[in-house]
Amino acid sequence: MHKSVSIALMCVFIICLLTACYDGREIDEWAYVYTIGVDKGVSNVLRFTFQIPSLKRDGGGGGSSGGTESQSAGHFTIISLDAPTFHSGVDMAETSFSRKLNYMHANYLLISEELAREGVERFINGMIRSRQIRHSMYIIIVRGKASDYIEEFNPVLTGAISKAQDGFMKISNKDDGLTISTNYHNFISDLKTAYRTPVVPLTAINDFSNYEASGAPPEIFKSEGDYYAGELPRSGGNKFEFFGTALFEGDKMVGALNGDETRAMLMVRGEFNRGSIAMTDPKDKKLRITINASQQKKPGIKATFIEGKPVINVKIFLEGNIQNTQSSTEYESVKLKPVLENAFREYVKGILDRTISKCKNLNVDAFGFGEKVVMHFLTIQEWEKYNWLGRFKDTEVTTEVKFIIRRTGTMLKTNPIQHSNGEK
Amino acid sequence: MIMERLDLPVPGLLKTILKSVLYKEPNNEELGFELLEGENEGVEQESPQNASGKGDQKASTGQRDDSRQQGNAEQKRNDRQQSDTNHQGDKKMQGNIKTQRKNFRKQPLKVDEWNGNRKTENTGNTCKPQNNSDILSTELCSNLETIRQKFLIPKNQDVITREFKIGRKIKAFMVYVEGMIDKNTMNLAIFPHLMSKDVFEEIGEDCPVDYLMENVLTVHNVRKTDKYSYTVMQVLNGMSALFVEGCGECILMETRGFEKRNVGKPITETVVKGSQEGFTENLRTNVTLVRKIIKNENLVTEMLPIGNTNHSNCAVMYLEGIANTKVIQEVKKRIKKIDSDFVLGDGMVEQFIEDNPFMLFPQVIDTERPDRTASFIMEGQVVIIAEGAPFALAVPVTFFRLFHTSEDSFVRWPASNFLRYIRLLGLFCATFLPGMYVALTLFHTEMIPTELLIFIAGAKELVPFPTILEVMMMEISFELIREGGIRVPSIIGQTLGIVGALILGQAAVAAGLVSPLLVIVVSITGLGSFAIPNYTLAIAVRIERFLFIFAGAVLGFYGISLMAMLLAYFACSMKSFGVPFLSPVAPKTNVNPDVIYRHPIWSQKNRPDYMNAYNRKRQGNNQKLWISEDDQDKKGKEDKT
Amino acid sequence: MIKEGKIGVQEAICLVVISTSNRVFFTAPTVVQQFVGTAGWYMSLVSDITAIVFFTFIYLLLKRFPEKDIIEIFHITFGRSIGVFFSYIYATSFLAASGILLREFYEALKTFIFPYTPISILNGTMVILVTVSVFLGLETIARAAKLVAYFLLFGYLILLILSAQNFRLPYLFPILGYGVGKTLMEGLTRSSAYSEVIVLTVFAGALQGAKHLKKAGYISLVLSGLLVSAGILCMSLIFPYNVFQEQTNPLYTLATLIKYGTFFQRLDPAFLFLWIIITIISSSVVFYCAVTSYCKTFRLQDKRPVIIPMAVLLFTITMIPRDLPSVITEYIELLRTYPIFLFYILPLIALITAKLRKKKGGNINA
């Protein structure tokens, strides 16, 4: 017994020699990829870009200051290379580092619009075969080149890039609805099924060229969502923005929705959380009113077949608060509240109809109507034979919007501003 | 060689010159007392009384003395050869040694010489010691000689034989060990009565032992015996023996009064709420402390002797009618089967009686607290209290009981559950945390949040060691600090240890030896192991932790789960006195109100099922009773009004 | 005979549930999905019910021979020579089952966690552990199963509950999959997915009576049917059928999808413990059955000398398959469809034979 115990102990110590063999790798022997970009290749099929944080310390050599100071912001390196496939690209990239690339922590897969319009099938299946590509990784379409975009992808407010990456997606998804967040799993599922087509957030570099230093505001109404990514009239902040969504038909990107349309699409999907929606004052076309709208309950979507043709009836239930009125009109009053509600209803329905017809023209069921249609089919064979995606453009869609103003914010009543000439 | 050459008859001057030139081996053979190569090594010592090969041995001893005096190397070699032959001769005897061991007691040599010397000096009487018989002689002087011979008087100076005359008539003597007896009792209660003139007012001619016991000796516990061996044992235990002329019996008087520690606070099991009494090294006191709590006539204390040479005692305590007799029998059997010269304290008893000596987990539970011991007895467990250490053992025990503390039952159930879960968390951290850390950083980096990962990797950049070495370094230095902290005198030791750990951690990080996160991991691990209430279990966990570190380093979570399952399999195969170690969870037994989640005290109606106690019910419907009584009172009042 | 000790109903249930529902952790849901599409989650219930029906026959057989295990019953009913033949096939198929189970596990492990570690290292360590467990005996395995059952159940339910964030109800439609007929057919033929309930019959003696066997068998079949069905349901809610059919290990992929905020994501290695421990317990018990049924077949008095050679065999069997597709398409298919004859039909024949030959327990070996 003593002998066996000592043999066991010896085995334990011999096993120690095996430590970190094969798959074990010291934490500092990896290079962690934050962002992966895919472009159309020039000297090879595809061009991949990796954003990798540098572990170099600010203090420089020596390290006598100890290991307690935090990683300074924005220290990362970017490598772009042309490669036949993703994984061979990784191997190629590793030759220029002393590390092995670890893309388990990669949060963003950026695909350039150019490549997306040609089709993503070439790499989208291949990448996911690797255990290191997370199914929860976000997929984003970049207007312009992904490699250029990653150069600029250095959030100004924080050095914690991965946190920021999650943050952008969370904000857009939860708080404004101007774009959407799509992960690899959703993207693949939507690509391969007929329930709905994939919708991917759109991003771009904003070079601040739309920001004009001086001039007069336009007379016509321009809503807050009437832009695509990279077009916002702003200056300062991050040199990129997430705005609008890209639409896919098959594995190809066929079009894009702007902010407003994205909101409309989210409303139909039932994923619209809240957002401040501006519209013209029903009493004064020059003035604007903002409603903080949110979805009261899931939309009621009814799919029926009339003479073999699907008819879809969409009912959107919204509620909201008055956030801002530019006039002194008392929209809080019982008399005027329905006026405002009606105007808002009309406004939202307008966007909704516009979006649906746009999608129908593109033959893209971004709304997930197929998820309702499928309930009318019993077996997979019937469903696949019906080919829903091919029939979406013939579908008749009717929309209806319900809206109630619940609260008026901290003001119960709006009193006019007094002028010296007695005008109100 | 040189020595021999020097021995040649050379003229003086030449010899001096030679001496100064030639190398001379320093004569350092007699550096001191050397025990390692004694002649009797590996040979059972024999007592002089029944030694047949005694002369042989003696001869060799004599020879050894000679050789010492001469300091001659050659002779010494001879001597060693001789002792070797002795050794071989003795080897033949080793077969029946086991049977012999029980019969004799080890005693040094040369007793006869001493006795012989003394005899000639003394009265010249022809009293001979009773060498062959264990029965007391009726002759006082013979008894005296035997006793003196047995206690090696006068070489042995703390055994006192006090000769006197009872009632100024009958010769008698007392034997006792100085320091073991209470002097006041002797001086005030025994000698004055025995030596007073009017002792024998109504004495007859026959032996006065019974008369003395009935009328004279004012000691609370008096016994008589006619056996030397029993007498010697009792005298060694602190009693005093009175031998009277013409009697074949002696009187043993309870006069114990040796020095002992007072009952103090338990040191290893401190509680905030609850009793503050702890056991002492004295068996009697300990048994009394338990009896004080369980005032029940069914509480049985059986005294069993352990240790062939040091004649220690241990008490087996249980509640008759509640504890399972199978367990009692098994405990008694195992204790009786202990065949060892020296057994002291519960720690040694534990190692002799446990079921699986090769397992890491403890299979008995030890406590320093009488109240906890009492609660064990009340649960139906059997308690063993050994002389010499302030601890009691309870069997059988299960894994989950090792987590309970006495405080659990003294505080209200939400609090006790909270404390217990904290302790479980501590166990989890102490066992798995370093292993998990190693596995995470080597194999499963995806689980670490990205920002933290980058930070750890950045900190690791400066550290030249592989993770496993880093972890081992910290863990081993932590173990060193802990072990050193215990050895540091005074209670400050612990604090010093922790301070040392902090400083070491800080300095190690600053020096770039380890990454900062590791210091946190190691200190949480340490804290976790401090939270484990059972010391033996805590040590087991400390060892297991290293197994998990290795497992994690070799195969990540896969290795850790394999190791965990291996331990689980071993733990599941263990039994403690017939009770599976992991019951009542695996195997499942009936209602257990107190395993991990502790139910309120009034709902713990039954004793644990796995103990197989005879009386399962522990308490009635406490709360319900007075609630219903209150209701009845109200009803009564309503009826009146 | 071999000392098996006594195990309680609860321990037996844990053993059977763990060793039957381990399927859901590997490729089985994908294969099911390939056959029946979206109907997988209730197809497993159909299989379960079929297994319960078959188990009733087995129970009737064992009730006829109280305190006897299936191997002894074979010997009694078929006579020595045929009995030995059938029991030998039994022992062999248990050994094969445990080997393929382990192989399936290593494939998953190599795909997701240890791509570069040689399979022999994973296999060697595991086989050592399994061998130790068999040395320690049935009681130990059963107790260990009981001990970890709480953690496993908790972990499994937590995994399914946490993945609820990704559920999409439409993925369950079209509700009938590839058609009712196909679902029923597959359900019936794949009922041997629950064939691990047969381990109960191998150590029926340790269960102390047919009454306990009945209780343990039915409860564990119902429980494992529910657990497997719940698992497949959750996976179908997350993966649309044609993505589901692609997954090498759908449950693990499901775990990788869990994401709650920046910290609570990428937690799949934490759930890895479920995979490993379930495999350890189920391979231990199936391997134990292989060893004991071999010993009982040839009436060996001591199982210990057999264990190490059998462990070497287990190691070898595990190393036989060439690649992952062959594991899935050949070996596992073989093990999932054909045991129905071995594990269900054979006891049925034994029952009929016993009735015809009017054999009853108690009078043999007296």
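Everything numeric in this text was worked out from a predicted model, so none of it was measured. (Residues numbered from 1 in each chain as written. Chains lettered and ligands numbered in written order. Predicted model: local features only at pLDDT ≥ 70, side-chain atom pairs only at ≥ 80, totals over all residues. Heavy atoms only, no water.)

## Some points on the overall build of chain B
Helix and strand counts for chain B come out as 22 helices and 12 strands. Here chain B, with 641 residues, has 46% of them falling under the buried criterion. Across chain B, contacts joining residues at least 24 apart in sequence account for 65% of those joining residues at least 6 apart. Put simply, chain B shows about 33300 Å² of open surface, and 56% of that area lies on carbon and sulfur atoms. (Helix = DSSP H or I, 4+ residues; strand = E, 2+ residues; numbered from the N terminus. Buried < 20%, exposed > 50% of the residue type's maximum accessible area, 1.4 Å probe, protein only. Contact = heavy atoms within 4.5 Å. Areas by Shrake-Rupley, 256 points an atom, 1.4 Å probe, with all protein chains shown as cover.)

## Observations regarding the overall build of chain C
Regarding its fold elements, chain C presents 16 helices and 2 strands. Compactness check: chain C gives a C-alpha radius of gyration of 20 Å against a globular reference of 21 Å for 366 residues, within 12% of the reference. For chain C, the spread of C-alpha atoms along the three principal axes comes to 70 × 45 × 35 Å. Within chain C, buried positions represent 66% of all 366 residues. Residue pairs in contact within chain C that sit at least 24 positions apart in sequence constitute 83% of those at least 6 positions apart. When the accessible surface of chain C is totalled, it reaches about 12600 Å², and 71% of it is carbon and sulfur. (Rg over C-alpha atoms; globule rule 2.2 N^0.38 Å.)

## Remarks on the sheet that holds strand β5 (residues 250–253) of chain B
All names here are of chain B. The 5 strands lie next to each other as β1-β2-β4-β5-β3, forming an open sheet whose pairing is antiparallel. Two strands in the sheet have a free side with no partner beyond their single neighbour: β1 (159–166) and β3 (222–225). Across this sheet, the average inter-strand angle for adjacent strands is 25 degrees, counted without regard to direction. Where β1 meets strand β2 (residues 170–177), 8 bridges bridge the pair, whose relative direction is antiparallel. Directly across from Thr 161, in β2, lies its bridge partner Val 175. (Pairing = 2+ DSSP bridges. Axes fitted to C-alpha atoms, helices over the stretch in contact; angles between N-to-C directions.)

## Quick look at the nonpolar core
Within the largest apolar cluster, 273 residues are counted, with the highest numbers of intra-cluster contacts made by A:Ile36, A:Phe50, B:Tyr558 and C:Phe203. Setting aside anything within four residues of it in sequence, one finds B:Tyr558 in contact with C:Phe105, C:Tyr106, C:Leu109, C:Phe114, C:Leu122, C:Thr125, C:Met126 and C:Ile276. Core analysis: the next-biggest nonpolar cluster, separate from the first, contains 54 residues, A:Tyr331, A:Tyr347, A:Tyr386 and A:Val397 among them. (Core = buried A, V, L, I, M, F, W, Y, C linked by side-chain atoms within 4.5 Å.)

## Concerning the interface of chain C and chain A
In this assembly, 37 residues from chain C lie in contact with 33 residues from chain A. At the boundary of chain C with chain A, total buried surface from both sides reaches about 3200 Å², with 57% on carbon and sulfur atoms. Where chain C meets chain A, there are 4 salt bridges. We note a salt bridge from A:Asp166 to C:Lys259, for which the minimum N-O separation is 2.9 Å. In this assembly, chain C and chain A are joined by 16 residue pairs in polar contact (both at pLDDT 80 or more). (Buried area = accessible area lost by both parts, 1.4 Å probe. Salt bridge = Lys/Arg side-chain N within 4 Å of Asp/Glu carboxyl O. Polar contact = N/O pair within 3.5 Å; in protein donor to acceptor, adjacent residues only side chain to side chain.)

## Side note on the interface of chain B and chain C
Every contact between the two is made by 28 residues of chain B and, on the other side, 38 residues of chain C. Roughly 2900 Å² of surface becomes buried between chain B and chain C when both sides are summed, with 76% attributable to carbon and sulfur atoms. For the chain B face of the interface with chain C, the top three residues by lost area are B:Tyr558, B:Met565 and B:Tyr569, together amounting to 26%. In this structure, the connection of chain B to chain C is made through 0 salt bridges. Linking chain B with chain C are 4 residue pairs in polar contact (both at pLDDT 80 or more). Broken down by class, the residue content of the side of chain B that touches chain C amounts to 21 nonpolar, 4 polar and 3 charged. (Nonpolar A, V, L, I, M, F, W, Y, C, P; charged D, E, K, R; others polar.)

## Let's talk about a negative patch on the surface
Residues and elements named next belong to chain B. Together, Glu 629, Asp 630, Asp 631 and Asp 633 make up a negatively charged patch on the protein surface. Here Asp 630 lies in helix α22 (residues 622–640). Classification of Asp 630 as partly exposed rests on a relative accessible area of 41%. (Patch = residues over 30% accessible without salt bridge, like charges linked within 9 Å, V, L, I, M, F, W, Y side chains within 5 Å. Lys, Arg positive; Asp, Glu negative; His and termini not counted. Charge placed at Lys NZ, Arg CZ, Asp CG, Glu CD.)

## A short note on the pattern of salt bridges
According to the stated counting rule, one finds 55 salt bridges over all chains in the structure shown. Between A:Asp251 and A:Lys252 there is a salt bridge; the shortest N-O distance is 3.6 Å. For A:Asp251, a relative accessible area of 16% gives the class buried. Where B:Arg542 meets B:Glu479, a salt bridge forms, and the shortest distance between an N and an O atom there is 2.8 Å. On the criterion of sequence distance, the pair formed by B:Arg542 in helix α21 (residues 535–573) and B:Glu479 in helix α18 (residues 467–487) is long-range, its members being 63 residues apart. The buried category is assigned to B:Arg542, whose relative accessible area is 10%. Exposure remark for B:Glu479: the relative accessible area of 14% places this residue in the buried category.

## Points about the confidence of the model for chain C
A residue-level look at chain C finds 97% of positions with pLDDT of 70 or above and a mean pLDDT of 87. Listed scores for the predicted complex are pTM 0.85 and ipTM 0.93. (pLDDT = per-residue confidence, 0-100.)

## Quick word on the packing of α21(B) against helix α6 (residues 119–136) of chain C
It is the contact of α21(B) with α6(C), at a shortest axis distance of 10 Å, that shows an interaxial angle of 10 degrees. Relative to α6(C), the element α21(B) lies roughly parallel. Together, B:Leu555, B:Tyr558, B:Leu562, B:Met565, B:Leu566, B:Tyr569, B:Phe570 and B:Ser573 of α21(B) and C:Ile121, C:Leu122, C:Thr125, C:Met126, C:Leu129, C:Val132, C:Ser133 and C:Leu136 of α6(C) make up the contact between the two elements. When the residues that make up the contact of α21(B) with α6(C) are grouped by side-chain class, the tally is 13 nonpolar, 3 polar and no charged. (Parallel < 35°, antiparallel > 145°, perpendicular 65-115°, else oblique.)

## Points about the sheet that holds strand β10 (residues 252–257) of chain A
Residues and elements named next belong to chain A. Pairing in this open sheet of 8 strands is mixed, and the strands run β4-β3-β2-β6-β7-β8-β9-β10 from one edge to the other. Each edge of the open sheet is held by one strand with a lone partner, namely β4 (76–83) and β10. Pairs of neighbouring strands in the sheet enclose a mean axial angle of 30 degrees, with direction left out of account. Note: strand β2 (residues 35–40) against strand β3 (residues 46–53), 6 bridges, orientation antiparallel. Paired with Lys 40 across the two strands is Leu 46, which belongs to β3.

## Quick look at the side chain of B:Thr373
Residues and elements named next belong to chain B. Tracing the sequence through the fold places Thr 373 in helix α14 (residues 370–379). Judged by relative accessible area, which is 0%, Thr 373 ranks as buried. Here Thr 373 is in contact with Phe 279, Val 290, Thr 367, Val 383 and Ala 392, once residues within four sequence places are set aside.

## Digging into the confidence of the model for chain B
Residues and elements named next belong to chain B. Across chain B, the average pLDDT comes to 78, with 77% of residues at 70 or higher. For chain B, helix α3 (residues 54–70) is the element with the lowest average pLDDT, namely 43, and strand β9 (residues 382–386) is the one with the highest, namely 92. Predicted confidence is poor over residues 46–95, with pLDDT under 50, and the contacts of this stretch with residues over four places away or in other chains come to 37 contacts. When the criterion is pLDDT under 50, residues 119–124 qualifies, and its contacts beyond four places in sequence or with other chains add up to 2 contacts.

## Things to note about the environment of A:Gly270
Residues and elements named next belong to chain A. Its place among the elements puts Gly 270 in the loop between α8 (259–269) and β11 (274–280). Residues Gly 270 and Ser 80, spaced 190 residues apart in sequence, show a C-alpha to C-alpha distance of 39 Å. Those residues in contact with Gly 270 that lie beyond four places of it in its chain are Gln 295, Lys 298 and Pro 299.

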